[in-house]
Amino acid sequence: MTHLPWYRRPQRRGEILLAAALLAPTAIIMGTVLLYPILRSFVISLQDYDLSRPQDSHPFIGLANYQAVLADPSFWSSVQITLFFVVLAVALEITLGLA
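About the thresholds
- Residues numbered from 1 in each chain as written.
- Predicted model: local features only at pLDDT ≥ 70, side-chain atom pairs only at ≥ 80, totals over all residues.
- Heavy atoms only, no water.
- Phe/Tyr/Trp six-rings, centres within 6.5 Å; stacked < 30°, edge-to-face > 60°.
- Buried < 20%, exposed > 50% of the residue type's maximum accessible area, 1.4 Å probe, protein only.
- Helix = DSSP H or I, 4+ residues; strand = E, 2+ residues; numbered from the N terminus.
- Contact = heavy atoms within 4.5 Å.

## Observations regarding the packing of aromatic side chains
Summed over the entire model, instances satisfying the criterion amount to 2 aromatic pairs. Ring centres 5.0 Å apart and planes at 75° place the aromatic pair Phe-75 and Trp-76 in the edge-to-face group. Take Trp-76: its relative accessible area is 43%, and that puts it in the partly exposed class. Note on Phe-84 and Phe-85: the rings are 5.5 Å apart at their centroids and 70° apart in plane angle, and the pair reads as edge-to-face. In this structure Phe-84 comes out as exposed when scored by relative accessible area, which is 52%.

## Considerations on the environment of Leu-22
Structurally, Leu-22 can be placed in helix H1 (residues 10-45). Through-space distance from the C-alpha of Leu-22 to that of Gly-97 is 40 Å; in sequence the pair is 75 residues apart.

## Points about the side chain of Ser-45
Residue position: Ser-45 is located in helix H1. The class of Ser-45 is buried, set by a relative accessible area of 16%. Apart from residues lying up to four places away in sequence, Ser-45 is in contact with Gly-62, Asn-65 and Tyr-66.

## Considerations on the environment of Leu-35
Assignment of secondary structure puts Leu-35 in helix H1. The exposure class of Leu-35 is exposed, given its relative accessible area of 51%. When the C-alpha atoms of Leu-35 and Leu-98 are compared, they prove to be 38 Å apart, with 63 residues separating the residues in sequence.

Interpretation note: all reported values are geometric properties and have no functional meaning in isolation.
Quick look at the structure:
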């Protein structure tokens with residue numbers, strides 16, 4: 001008699017199917033709730049989207065929005081300020097947490 005892997009054994013296969021059936025609705029809902037907004041935001045970021053006119057057509061402009069942001073000096077200033085506060089907050093939290 002050959003030794004079957006654990007996932008091929010008849011008593012385990014039923015448990016695996018039950019677990020998959022119980023996890024499937026949650027996985028589908030979580031995937032929809034998490035993935036749809038991420039994908040939709042990415043698609044919008046590739047268009048000339050005007051928030052004041054969401055019903056209008058939005059031509060595809062590719063990576064031009066990203067180029068504009070990366071060329072903007074105020075973006076890099078914001079990144080510097082954010083990094084400063086992140087480093088400061090993490091250092092303070094670790095220091096106070098270990099004190």
